[in-house]
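# Architecture at a glance
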Amino acid sequence: MECARGVSEARDGDGQPRTRRARLCAAVLLIFILSAANISAQVPHIRSTQSHIQLENLLTGMALVNDRLYVLENGSGEISSLSLSGDENAGQWKTIARGFHDPIDLEALGDGGWLVAERGSGTIYQYRSGAVQVMADGFNDIASISRDDRGGLYVVEMEPGRITYISPQGGRRTVIADGLYYPSDFLPYMGGGFISELVDATGLRGRVSYGRQRVGPFSFPMQMGPPGDWMNPADLIDPIRMAIDDNQPNTILVSVRHLEPRAGLNLQPGGVIRLDAHHGNASEIVLSNAFGPTDLIATRDGFYLMEEDAERISFNSWRGERRILWDGLGQPSAFARDDEHGGFLVAETRPETQLVRVSDSKLGESGQIPKRFKDETIGGLLIQDHVYASITSQGIVAEMKDDGEMNIITNRIFSPGKLVSGGRNRAWTLDRITGEIILFDLENGAILRSFGGLLRRFSDFDADENTSLNPIYALDRQGDVWRLNTTTQTIELAASIPSNAPDTLETDHPVIARVSRRGFVIALNDHDGRLVWLSDRGDYTTLASGYSHIVQINHETGDGITVLSQDGWLRTITLQFENDTTPTPTPPAATQTPAATFTPTPSPTPTILPAETPTPTITPTPTVETSVSNWRLYSE
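Numbers given to residues run from 1 along each chain, matching the order in which its sequence is written. For a predicted model such as this one, the threshold for reporting local features is a pLDDT of at least 70, and the threshold for listing and counting side-chain atom pairs is 80 or more; totals across whole chains, interfaces and linings nevertheless cover every residue. Excluding hydrogens and water, the side-chain values take into account all heavy atoms of the structure.

## Some words on the overall build of the chain
Numbering of helices and strands starts at the N terminus; helices are DSSP runs of H or I of at least 4 residues and strands are runs of E of at least 2. The helix and strand tally for the chain stands at 2 helices and 53 strands. Think of it in three bands: with a 1.4 Å probe and only protein chains considered, a residue is buried below 20% of the maximum accessible area for its type, exposed above 50%, and partly exposed in between. Looking at the chain as a whole, 53% of its 636 residues are labelled buried. For the chain, restricting intrachain contacts to residue pairs at least 6 apart in sequence, the fraction spanning at least 24 positions comes to 43%. For the chain, the exposed area adds up to about 28900 Å²; of that, 47% sits on carbon and sulfur atoms. What makes two residues a contact is simply this: any of their non-hydrogen atoms within 4.5 Å. Throughout, the Shrake-Rupley method with a 1.4 Å probe supplies accessible areas, and for residues the shown protein chains are the sole cover considered.

Laid out in structure tokens, this is it:
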């Protein structure tokens, strides 16, 4: 107001001092305008990341050493351990190593070290006493690794269909099997070994085969034995990992993705099968109703099982008793911040549809869902006096009651997804079929207005300033962000991903969050899982990679965003802008004990750490000449 008066007085021509004052105020206003415009032009970087789940996602490997269970997390690239003893640390998870990229399997070494195999890079690392170095590399699409009694290492490569043996002396590599159908595991066994393959020659079912060494105790290559050593049970579909039954050395346990023959797209849950090592067609189902079973460890009392889809680790006794050691988020589909109870309310779909409270890096009690919706997907959650949920496949939005029942608000939307508050007793949702953004009444379900549709199909949307009223920003499938004026009911282009940008929309499901007065964070959901920044003025950059299968992003207070992945993790990311003067406090680590950071030790192989990503780029080491031979499989 003082500057406005100064300008007015200068126009009256009442004196030189007032003129200088007006010019000064005009300069201040210009600087303020330019500074305000520059806010939206700022390109941020990620300052800190806080994980809200102890074991974040895609559990791919386990190892049991004494009274501790070690677990490999694919998405976060960490090794975590769980104390199984009866002391004060029992039941506590802690991270012991991090920084691996796309790890798929781990093997314990006798001296306290580890071997960790990365699927994407084709590298096997040796981790010991906090130091990491390359043990072997140059592989392609590693599925699993396993050690024999002499310390030799078997490496299973799925896409090439190959198994390689690395000798304990000198590291000589020998290809012992080639031409396999997507092998998933190798189990050393009595002078030979079992191989599990996802499919057989017909491509309709999986198989487990046995190979033995013909000459000498440790001669290679291995070759198939007589037809009696061949196994192909009728209910063996997608076998993943194998283990020897400690109580019955002549039998092996196999985790399988599905227990019944394929029938279109309606595949049944998987489980664990016991196979007779001497009679391949003899099988027994030990455990059923497992969702995405991966690794398993057999003991004298029972076996540990890891379920990837359900994000669950359990111990199953031979008496049929089951104890859940970890039950994470199984394919979460939506979340909402729960200020009343603290933390978040998350909807998951596996092993069944339910609501889970997440607070202080722990998963709380689950909310009940009516039985008729146990197999459906919740597309959006909204907490506004009551808890509201959209059941996407049923085309309804319902109020969730305390007794687990639902009060259906509307069934007039084809496929409601994300829910955003539209003011008291109102909500916005995205119709996933039509691509419309719809405002409806939470009391009577009446449709109040809509944007988009056949002419402009939106993939996601978000509101500005958390007002949820005006404007609404919508992202289409071409990478354009549109500003929806809910008062005038007009649409205008707000920002676009540049046509020459290195990142392109490879899927139809990019997800967006609006950072008020600055721009947008977009999860492209592309092959690399890129999280990108698009400012109001069109500035564009990649924030991070590895953020795959993102289903929702919410803008938090300040410059924070919370990201939910269908892989089973929930993280809050703090963005740092160049013109920020107040440091953003770094959130506490999710684990109590500091974890060893992945810093490869000097080795004959140069290790390059790019500035833009913590993922190590490894130059393949020269390898010795390999002896290649086909493992000829018996065919029915």
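## Here we look at the sheet that holds strand S38 (residues 447-452)
Any two strands are treated as partners once DSSP identifies two or more bridges connecting them. One open sheet holds the 4 strands; their spatial order is S35-S36-S37-S38, and the pairing between them is antiparallel. The strands lining the two open edges of the sheet, one partner per strand, are strand S35 (416-421) and S38. Adjacent strand axes in the sheet meet at a mean angle of 25 degrees when their direction is disregarded. The sheet contact formed by S35 and strand S36 (residues 426-431) spans 4 bridges and is antiparallel. Note that in S36 the partner of Val 420 across the bridge is Trp 428. Every axis in this analysis is a line fitted to C-alpha atoms, fitted for helices over the stretch in contact. Angles between the N-to-C directions lie between 0 and 180 degrees.

## Digging into the nonpolar core
In terms of nonpolar packing, the biggest core is built from 23 residues, with Met 62, Leu 69, Val 71, Ile 313 and Val 346 touching the most fellow members. Where this core is concerned, the elements lending two or more residues are strand S2 (59-65), strand S3 (68-73), strand S24 (302-307), strand S25 (312-317), strand S26 (322-327), strand S28 (344-350) and strand S29 (354-359). Not counting chain neighbours up to four residues away, the residues in contact with Val 71 comprise Leu 55, Leu 59, Gly 61, Met 62, Glu 78, Ile 79, Ser 80, Trp 93, Met 306 and Ile 313. Each nonpolar core is a collection of buried residues, namely Ala, Val, Leu, Ile, Met, Phe, Trp, Tyr and Cys, held together in the definition by side-chain atoms within 4.5 Å. Core analysis: the next-biggest nonpolar cluster, separate from the first, contains 18 residues, Val 511, Ile 550, Ile 553 and Leu 575 among them.

## Here's the deal with the side chain of Glu 157
Looking at the secondary structure, you find Glu 157 in strand S11 (residues 153-157). We call two N or O atoms a polar contact when they sit within 3.5 Å, provided that within protein one can donate a hydrogen and the other can accept it, with sequence-adjacent residues counted only if both atoms are side-chain atoms. At 2.8 Å, the side chain of Glu 157 forms a polar contact with the backbone nitrogen of Asn 140. Only 2.8 Å separates the side chain of Glu 157 from the side chain of Arg 162, close enough to count as a polar contact. Not counting residues within four places of it along the chain, the set of residues in contact with Glu 157 comprises Phe 139, Asn 140, Asp 141, Ile 142, Arg 162, Thr 164 and Pro 183.

## Things to note about the pairing of strand S43 (residues 511-515)
The element S43 is largely enclosed, with a buried count of 5 among its 5 residues. Across the two faces of S43 the burial is the same, with Val 511, Ala 513 and Val 515 and Ile 512 and Arg 514 all buried. Sheet topology note: the S43/strand S44 (residues 519-523) ladder contains 5 bridges and is antiparallel. Across the sheet, residue Ile 512 finds its bridge partner in S44, namely Ile 522. Counting the residues between successive antiparallel strands, the hairpin from S43 to S44 contains 3 residues, one of them, Arg 517, with a positive phi of roughly 65 degrees.

## Focus: unusual backbone geometry
A negative phi holds for most residues other than glycine; trans holds for most peptide bonds. For the peptide bond that leads from Arg 350 to Pro 351, omega is 0 degrees, which places it in the cis range. The topology assignment puts Pro 351 in the loop between S28 and S29. Positive phi is not limited to glycine here, since Asp 238 has a value of about 55 degrees. Among the structural elements, Asp 238 can be located in strand S19 (residues 237-244). Although it is not a glycine, Glu 311 adopts a positive phi angle of roughly 55 degrees. On the secondary structure map, Glu 311 appears in the loop between S24 and S25.

## Concerning the sheet that holds strand S49 (residues 569-576)
Read across the open sheet, the 4 strands follow the order S1-S49-S48-S47; overall the sheet is antiparallel. A strand with exactly one partner marks an edge of an open sheet, and here the two such strands are strand S1 (45-51) and strand S47 (550-555). Taking the axes of each pair of neighbouring strands and ignoring which way they run, one obtains an average angle of 25 degrees across the sheet. Sheet topology note: the strand S48 (residues 560-565)/S49 ladder contains 6 bridges and is antiparallel. Its bridge partner being in S49, Ser 565 is matched across the sheet by Trp 569.

## A short note on the pattern of salt bridges
Salt bridge, as used here, is a side-chain nitrogen of Lys or Arg placed within 4 Å of a carboxyl oxygen of Asp or Glu. This model, assessed by the stated rule, comprises 24 salt bridges. When the shortest N-O distance is used, the salt bridge between Arg 162 and Glu 157 registers 2.8 Å. Asp 309 is the partner of Arg 350 in a salt bridge, and the nearest nitrogen-oxygen pair spans 3.9 Å. Of this pair, Arg 350 sits in strand S28 while Asp 309 sits in the loop between S24 and S25, placing them 41 residues apart in sequence. You can call Arg 350 partly exposed: its relative accessible area is 28%. Salt bridges here are not isolated pairs; linked through shared partners, they connect Arg 257, Glu 308, Asp 309 and Arg 350.

## Side note on the environment of Val 71
Tracing the sequence through the fold places Val 71 in strand S3. For the pair Val 71 and Asp 105, spaced 34 residues apart in the sequence, the C-alpha separation amounts to 9.3 Å.

## A short note on the pairing of strand S45 (residues 531-535)
Counted residue by residue, S45 has 5 buried out of 5 residues, so it is predominantly covered. Side chains of S45 alternate between two faces, with Leu 531, Trp 533 and Ser 535 and Val 532 and Leu 534 buried alike. Sheet topology places S44 next to S45; 5 bridges connect them, and they run antiparallel. Residue Ile 522 lies in a different strand from S45, and its bridge partner there is Val 532. Both S45 and strand S46 (residues 540-544) contribute to a ladder of 4 bridges, which runs antiparallel. Each residue of the ladder has a partner; that of Trp 533, found in S46, is Thr 541. The hairpin formed by S45 and S46 contains 4 residues between the paired strands, and Gly 538 there has a positive phi angle of roughly 95 degrees.

## Quick word on the environment of Ala 427
You can see Ala 427 is positioned in strand S36. Between the alpha carbons of Ala 427 and Asp 441 there is a distance of 6.6 Å; along the sequence they are 14 residues apart. Setting aside residues up to four positions removed in sequence, Ala 427 forms contacts with Leu 382, Val 420, Ser 421, Gly 422, Ile 438, Leu 439, Phe 440 and Leu 442.

## Quick notes on the confidence of the model for the chain
For the chain, the mean per-residue pLDDT works out to 78, and 75% of the residues sit at or above 70. Summary of the metric used: pLDDT quantifies the predictor's per-residue confidence within the range 0 to 100. Note on residues 1-41: pLDDT is under 50 here. Beyond four places in sequence and across chains, it has 24 contacts. Contacts of residues 214-230 to residues separated by more than four positions or lying in other chains number 43 contacts, the stretch itself having pLDDT below 50.

## Comments concerning the environment of Ile 409
Mapped onto the secondary structure, Ile 409 falls in strand S34 (residues 406-410). We classify Ile 409 as buried; its relative accessible area is 9%. The contact partners of Ile 409, leaving out residues within four places of it in the chain, are Tyr 388, Val 397, Ala 398, Glu 399, Asp 441, Leu 442, Asn 444 and Gly 445.

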